[in-house]
Amino acid sequence: MRLARRFGHAAAAAWFLPAAAVAQTAALPPVPAATSESIAVAKGARLVWADEFDSGRLPDAKRWAYDTARNREGWYNQELQYYAANRAENARIENGRLILEARRERLSNEPDHGGQEYSSARLFTRGIASWTYGFIEVRAKLACGKGLWPAIWLLGTDGGGGWPRQGEIDVMELVGWDPQTVHGTIHTGAYNHAQHTQKGATTQVADACTAFHTYQLDWTKDRILIGVDGHAYMRFDNDHKGDPATWPFDKPQYLLLNVAVGGWGGMQGVDPAAFPSRMEVDYVRVWQVPKR
């Protein structure tokens, strides 16, 4: 993300900046990595993983797990949510779509509750599915309202070195106080917001909160493109120096979907009237070009 933020899974390492530092760096723009070019599935690529959300009541356990690891301690970046597991109020399948819903409620009966006043959900494919290179497309309508922070992003499975060395690709971030701006960003050991060097760009999506759009990542050994609806607006090129500090993206990454409350999304406060707020996901699809 624009903020390298949310590392709830212990094996994925943690976010080390204190909360005050996060607040100070949140307003800093990324180092520009803007582009304007087409983005599309490569010729010959094959669909290798997908979820069309066309069956069941809860997310498919064969495709998704719940990240709840920081509930008791509290999530990083001054985030305010409790991430629930196996709770339809926060994550469910409805009319062929995945619904991730943030709610204003205190789930104090949960054994790992950390005093949060909001509930939400964070799904990930860690330990289930990961990929090195490919085209990822998520068709979604985003959660909006002051205080909300929906995201579609990837993290490196090799978390032993800690964040940001394992690499992070933020395919889509939106903050509720700026609901027409979509952000695409990468973080690495050399390029990250803790050093004010994260690489990223933004694009305007006027109806991101009210209409579905396809949020896209085209990741090859040479470059990363991030786009919306077939138009890439962010590009990050591999410098081919063989330095994982600048290009850790030659190893598997797993996918995350979540709606946070507070943090970057709460920089201008949290509006109680914004809840409940949902991110609706029509599908997630991953293509790869077969190895020769």
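Everything below is about the structure printed above this text.
This part is about the sheet that holds strand E11 (residues 148-156). Taken together, 8 strands build an open sheet; the order of strands is E1-E14-E13-E12-E11-E18-E9-E4 and the sheet is mixed. This sheet does not close on itself; its edge strands, each paired only once, are strand E1 (31-32) and strand E4 (65-66).

Sheet analysis places strand E6 (residues 91-94) next to strand E7 (residues 97-104), joined by 4 bridges and oriented antiparallel. Looking across to E7, one finds that Glu94 is bridged to Arg97. Between E6 and E7, which follow one another and run antiparallel, lie 2 residues, and Asn95 among them has a positive phi close to 55°. In the sheet, E7 pairs with strand E19 (residues 277-288) via 5 bridges, with the strands oriented antiparallel. The residue of E19 that forms the bridge with Ile99 is Glu280.

Summed over the entire model, instances satisfying the criterion amount to 1 disulfide. One disulfide in the model links Cys144 with Cys209; its S-S distance is 1.7 Å. Taking the torsion about the S-S bond as the criterion, the Cys144 to Cys209 disulfide, at about -70°, is left-handed. Residue Cys144 is located in the loop between strand E10 (134-141) and E11, and its partner Cys209 is located in the loop between strand E14 (199-204) and strand E15 (213-219); the two are separated by 65 residues in the primary sequence. On the basis of relative accessibility, which here comes to 16%, the residue Cys144 falls in the buried class. A relative accessible area of 24% means that Cys209 is categorised as partly exposed.

Conventions and cut-offs
Residues numbered from 1 in each chain as written. Predicted model: local features only at pLDDT ≥ 70, side-chain atom pairs only at ≥ 80, totals over all residues. Heavy atoms only, no water. Pairing = 2+ DSSP bridges. Helix = DSSP H or I, 4+ residues; strand = E, 2+ residues; numbered from the N terminus. Disulfide = S-S within 2.5 Å. Buried < 20%, exposed > 50% of the residue type's maximum accessible area, 1.4 Å probe, protein only.

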